[in-house]
Each structure stands twice: as C-alpha cells, then as structure tokens.
Amino acid sequence: MAAKKQDSNNKSKKRKQNPDAKTNTNSSFSKRPKLVSSKPENKQEKKPFKPFKKQNFGKLKSQSGEEKNTPLSKRERRLHAKELTEARKKRRKQHYTLEQELARLWEKMRQRNIVKEERSKIIAEAILKMKGKIPEIASSHVSSRVLQTCVKYCTQAERDTVFDELKPHFLTFATNKYAIHLVMKMLDNASKKQLAEFISSLRGHAASLLRHTVGSVVIEHAYQLGNATQKQELLMELYSTELQLFKDLSSMKESRLPDVILKLNLQKGSVLRHMASVIQPILEKGIVDHSIIHRVLIEYLSIAGKTSAAEIIQQLSGPLLVRMIHTRDGSRIGILCVKHGSAKERKKIVKGLKGTVGKTAHFQYGSLVLACIVSTIDDTKLVTKTVIRELQSILKELVLDKNGRRPLLQLLNPNCTRYFSPDEMASLSLSISSLNAMGELEVNSETKSLKDEESRDKDNNGREVTMAKPDGSTSPETLQLIEGGKKDPSIRRQELLVGSGLAEGLIDICIENAEELLRSNFGKEVLYEVATGGSGGILQETLGDKMNTLHEAIASLAAESKFEESDKDHVLENFHSSRTIRKLVMESSMFATTLWKKALKGKCEQWTQGHSSKVTCAFLESSDAKISKLAKEELQPLIDSGILKLPEKKQPANK
C-alpha cells in the first residue's frame, strides 16, 4: 500500500505536458513554453486585451439633492493636483507658508528700479517675519536667497540682528550647499569685530572644513578677507597639534614655517606627520583650487624630506596643477614641480595644460609657469606640440598683452629683469633644498657631459645669471639641473624659438603691425627684442632677411612727413615709439643705418625738439663708431648752434 501511495505522489508531482505536443524520448525536456497551434480545436479565440482607461469622477449634487459622479476637466484636474502638492509641502515643511510669503517679498525687493525707501520697508517687513526663525529657514534654497538680499541692502542694526541669530550655527551652515551663500554674504558685509568672531569660531575646525567640498569655500573666503594675523591664525592649526590647541602659540610675528619651528622648538617630524594627515585627504579629493591650500603646500615643501617632497610632486603633476597656478603660491608650486619632477611627471604637466595654454598665458602667475616650462623642459618636441602651437594660434593677442608676452620674452631674452619683477624672478629661481642634494649627486656623476662653469654661469649676452640658491653650498652643477636638466639652454631655445617656427611668426606679426606695436606699452618690448635678434642674436643667422624687412617697415613709418594731417602723432614724437626706436638705434647698427638713410638723413633739423630729439641724439650716443660718424656731420652743426641738446649723463648719487 505504501508503494502505491508513493507512486501516486510521484505521478502528481510530474509536470503536466501538452497532449498535442509530439513526444520525443531522445530529446531532453525543455522548460520553454510550447507554441500553441494557430487553429486550436474546440477553443474560443481570445480578443486582445484593452486596458481600462481611468477617469476621474467628482461628486456633484443634482437638483434633487442626490450625488452623482461626473468627469473633471483638464484644468480642474491640474488645480486639484496642485492643491494636493501644496498640502503635502505644508505637512512636510514647518515654515512653508512663511517661505511663500518671503518669496513674494523677495520678488519686490530684488528689483533694480525700486526706490530705496520702498526696498527698506520691504526688507524690514521680511526681517520682522523671519525674526526668531532665521536658523531654521536659512538652509532652504528659497529663504536663503531672501536672507542674502536682506543682508546686502539692510541697515547695520538689522544686519547685526541676523548675525547674532546665525552666530551659534555658522559651522553647521558652512557645510550646507544653500546656507553657504548666506554665510559668505554675511562675511562680505561683516564688521571687523564680526569677522574676527567668525574666524575665532573656526578655530579647531579648519582642517576638517578644508576636506569638505563646500566647507573649504568658506575657509578660503575667510582667509582672503582676513588680515595678516587672522590668516596666520587659520594657517597655524594646520601646521601642528600644539598650535591648534594653544591659541597663545599661534599669535606670533613669524610667518614662515621653518622660523615657527625654530622659535617654538617644535619637533620637525611631528609637524611633518600632522601636515601630511591634513594634506593627503585634500589632495585625494582634488580640492586644490584655494590659496590657503597652496600656502600650506609651499610651507610643507620647505621642510619636507626627499621622499615626502617627491610624493607631493608626483601627486600634483598633471591636471591638478592646472587648477593651482592662478595664485602666487600655486604658481610657485607649479614651478617647483616643473623643476624637480622626473621626465614622466613633466610630460604629465605639459599634457595637462593641453587646451588651456592660451588662457593660462593671460594670467599673471600662470604666465610664469609657462616661462619656466619653455626654459626648463628638455623634451622640446612635446613642448612645441602642446605649448608653442597653442601660443602661435593667438600670437598677436599675446604680444599686446602684459602677461601673455612673458613666455615669448623668456625665449627671446631669458630671465631679463626688464620684463620680470624681483618677486617674479625669485619665484622663477625657487627650488626645494631636500631635492637639491639628490640632484647634486646625479650631476656630479655626469660632469663630463656638461659645459664649462663659465658658459653655465653666463647667458648669451655675457651677463651673469643670478639665481636664488636655497643653500649656500649648492654648486653650479646643481643650479644647471634646477634650470632644466642636461640639454644646453641655447640649443633648447633654438629648437623652441626658431625650429618650431615661432620666431618667423613673431617677425611676421611685427612687420604687419609695426605701428600698433610701437605705440603699445607692452607690444613695443616684443618688437624691440625681435628687431634686435633676441639675446645672443639667436634670430640673426636664420632669419636675417626677415629682420631687415622689419627694419625697413619701422623706418618707413619714421619717414612719413611730420606735417601730414592725422589723428595720431608721428612715431618719432610718440612717447612709447620714440623710446623704442631710440633703443633700437643704440643696440642695432643695422637698424640705425636703415633708419638714417631712409628717414633722417637731411631732415634732422625738424626732429630736434620733444621726444624725437632723443632719437636723433641716439646716433651720437651709439657705441658703434660707424653710426656716430655717419650722423655727426649733420648733427654737429645743430649742436653747436644750440638747436639740438645732448642729454646730460646721469651721475651716480654718491658723486
């Protein structure tokens, strides 16, 4: 009996098969559903399913008083949905009705053509409605905007009221994506006392806020608005735990980290570990746009060892560096990465600049990094392909720009103090002392492949190159490594300037726009360097014919009649152009000869007054005896008669 029950159970568990399907004992059982025949026997055809269309019915009362369902119109459904949404928001938001009232007031107060007294009334009404509830509504994207407008236009008393309510919640709001804008507006309009209170409230939280994408913006804003003491207060807690805990230690005159360590007798290893714990999360998150972070990185590199400094350079080399070079300290970090980075890291830096070279060249500090790149990196093919090509596409724009011309001038006349301020020269000569020692060992093993010491210490004009050395024991060989590896600087210049076609393009720009460049405050410098052939006459050998064409173009402008009616003054009487032509006469004998023969010979008497007299006198002041002899016969009678006066040579102050 048990066996029979088991057999019956097994049969019931078996899957029921379609009786119409053909049995195939050899084929394995398939779980796929079988297709039903197109003409099933004894089965009714099924009609396709049509989903039931829902209709909204509203209850309306008829004349007899009975309720009946009628469909709502589209407009009625929309209004009903809006009412439901409003009801949901009222339940979810505590101050929803207040926010709606504030939004209506905001639309009035933010108009540009509103009367000042009317705006003040609306703002006073809005602040009165918000009083006591400001911390609760400040995080809303609507009421936060209302508060910003109120803080911008309200009276100082009303602003103080808002500040007092927000004061205990500043740290919370500093990390909120809506309230942060209100905090920054409060800082912009804060009094000195309020700003000091806010910066004091950040004490102990600067490091954690810098790691926060939103909070770092608040720290940077406070850092920019603070005075030197307040900036130092924010920086100190990033240096050491002791400086974070004890406020008295951070109030000191020393601003550089090595001086702080020396004065307070701090342990250098402890400081490095604390700074590394602060810096690493920031770099990993890519929050590198702020100047306070750039300052911390510069201070860290000033005391870091070889390994630590090399790791920071490796992390920064690439696209991250492009976001840093818009500040003074950020550009210095960029220069250090270019100087001390390996060939692979330098390649990443140059490739990271792709597409942004033109924009970077227009920045005051970004142009310094480009100047360092063209005078440092030995891979001239990569620099030409990425940097020079982008510069060539906007060449005229760069020539006339104060900052854009710097990479060009660095190639034409490297490290010239006429074009770089002392602070900029100091930035270009920066180096990391811990990596210099490593570089010195590498160079000492390759001294045979380097040039003589005299050729390294002087540029093509024979002038000594003065570079700030981080250590008094740094050798000339180390200095050469810092300046750009093993390739001869003159060969690098030749490849980037002449070999790339940049010099030819520059001469063409100068020929086509000679008059505009001569009158320009910045373009005249590029024109002067190109017309003289660059430092060491680098353009003279291969582009001598084009330079002669440029000299002819300038001389043609000078040969124009003085008495022609024109809105512009003559190039020999213009302030900028007359001084540029005078310098060219004294520096280039070829140009002086062309100018004399084409423009001044037999006409000097009409150019003896004003700015033009400096040009005529330059022929007699020229160091080339042939030039002075060429003009002396005509100019000497003018000097004797008192028509032309030679400028008095300036004597040293001690004499």
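Small disclaimer: the values here were computed from a predicted structure and weren't measured.

Focus: the UniProt feature "repeat: Pumilio" (unreviewed entry) in the protein chain
Here is step 1: Under the local residue numbering, the UniProt record ascribes the feature "repeat: Pumilio" (unreviewed entry) to residues 129-164, 165-200 and 201-237.
Here is step 2: In the segment residues 129-164, helix accounts for 72% and strand for 0%; the C-alpha atoms at its two ends are 16 Å apart.
Here is step 3: Annotated as 73% helix and 0% strand, the span residues 201-237 places its first and last C-alpha atoms 13 Å apart.

A closer look at the environment of S367
Here is step 1: Mapped onto the elements of the fold, S367 is located in helix 24 (residues 366-374).
Here is step 2: Taking the C-alpha atoms as reference points, S367 and R405, separated by 38 residues in sequence, lie 8.4 Å from one another.
Here is step 3: Setting aside residues no more than four positions away along its own chain, S367 makes contact with T360, A361, N403, R406 and P407.
Here is step 4: Within the structure, S367 has its side chain in polar contact with the backbone oxygen of Q364 (distance 2.9 Å).

Points about helix 25 (residues 380-393)
Here is step 1: Compared with an ideal rise of 1.5 Å per residue, which puts 14 residues at 20 Å, helix 25 spans 18 Å between its outermost C-alpha atoms and is within 8% of the ideal.
Here is step 2: Within helix 25, the axis deviates most sharply at V387, by approximately 35°.
Here is step 3: Considered for burial, the residues of helix 25 that qualify are T380, L382, V383, T384, T386, V387, I388, E390 and L391.

Some thoughts on the packing of helix 37 (residues 575-587) against helix 39 (residues 612-621)
Here is step 1: Contact geometry for helix 37 and helix 39: axes closest at 9 Å, N-to-C directions at 15°. Taken as axis vectors, helix 37 and helix 39 run roughly parallel relative to one another. The handedness of the crossing between helix 37 and helix 39 comes out as right-handed. On helix 39, the residues touching S578, R579, I581, R582, V585 and M586 of helix 37 are K614, V615, A618, F619 and E621.
Here is step 2: Of the residues contributing to the contact of helix 37 with helix 39, the split by class is 6 nonpolar, 1 polar and 4 charged.

Here's the deal with the packing of aromatic side chains
Here is step 1: All told, the structure shown has 3 aromatic pairs when counted by the stated rule.
Here is step 2: Taking the ring centre of W106 as reference, the NZ or CZ of R110 above it sits at 4.3 Å.
Here is step 3: A cation sits over an aromatic face here: K583 above Y528, 4.6 Å from the ring centre.

Brief notes about the pattern of salt bridges
Here is step 1: For the structure shown, the criterion picks out 21 salt bridges.
Here is step 2: Here E107 makes a salt bridge to R110, at a shortest N to O gap of 3.4 Å.
Here is step 3: The partly exposed category is assigned to R110, whose relative accessible area is 45%.
Here is step 4: Across the salt bridge formed by R582 and E621, the nearest N and O atoms sit 3.4 Å from each other. Residue R582 is located in helix 37, and its partner E621 is located in helix 39; the two are separated by 39 residues in the primary sequence.
Here is step 5: Each of R328, D329, R332 and D423 takes part in salt bridges that share partners, so that together they form one network.

Looking at helix 3 (residues 96-109)
Here is step 1: Between its first and last C-alpha atoms helix 3 spans 20 Å; for 14 residues at 1.5 Å apiece the expected length is 20 Å, and the two agree.
Here is step 2: Taken together, the buried positions of helix 3 are occupied by Y96, L98, E99, L102, L105, W106 and M109.

Some points on the side chain of K524
Here is step 1: Within the secondary structure layout, K524 lies in helix 35 (residues 523-531).
Here is step 2: At 4.7 Å, E525 is the nearest oppositely charged side chain to K524, a buried residue that forms no salt bridge.
Here is step 3: Separated by 3.2 Å, the side chains of K524 and H576 make a polar contact.
Here is step 4: In this view, K524 contacts L517, L518, H576 and T580; residues no more than four positions away in its chain are not counted.

Quick notes on the nonpolar core
Here is step 1: Residues L539, I581, L595, L600 and F619 are the most contacted members of the largest nonpolar core, which totals 166 residues.
Here is step 2: Of the residues forming this core, the biggest block, 8 residues, is contributed by helix 18 (residues 291-303).
Here is step 3: Among residues more than four places away in sequence, those in contact with F619 are V585, A592, L595, W596, L600, I627, S628, A631 and L635.

Conventions we followed
- Residues numbered from 1 in each chain as written.
- Predicted model: local features only at pLDDT ≥ 70, side-chain atom pairs only at ≥ 80, totals over all residues.
- Heavy atoms only, no water.
- UniProt positions renumbered as here; feature names shortened; annotations may be inferred.
- Helix = DSSP H or I, 4+ residues; strand = E, 2+ residues; numbered from the N terminus.
- Contact = heavy atoms within 4.5 Å.
- Polar contact = N/O pair within 3.5 Å; in protein donor to acceptor, adjacent residues only side chain to side chain.
- Expected span 1.5 Å × (residues − 1).
- Bend = angle between axes of the 7 residues up to and from the residue.
- Buried < 20%, exposed > 50% of the residue type's maximum accessible area, 1.4 Å probe, protein only.
- Axes fitted to C-alpha atoms, helices over the stretch in contact; angles between N-to-C directions.
- Parallel < 35°, antiparallel > 145°, perpendicular 65-115°, else oblique.
- Left-handed = near helix turned anticlockwise from the far one by under 90°.
- Nonpolar A, V, L, I, M, F, W, Y, C, P; charged D, E, K, R; others polar.
- Phe/Tyr/Trp six-rings, centres within 6.5 Å; stacked < 30°, edge-to-face > 60°.
- Lys NZ or Arg CZ within 6 Å of the ring centre and 35° of its normal.
- Salt bridge = Lys/Arg side-chain N within 4 Å of Asp/Glu carboxyl O.
- Lys, Arg positive; Asp, Glu negative; His and termini not counted.
- Core = buried A, V, L, I, M, F, W, Y, C linked by side-chain atoms within 4.5 Å.

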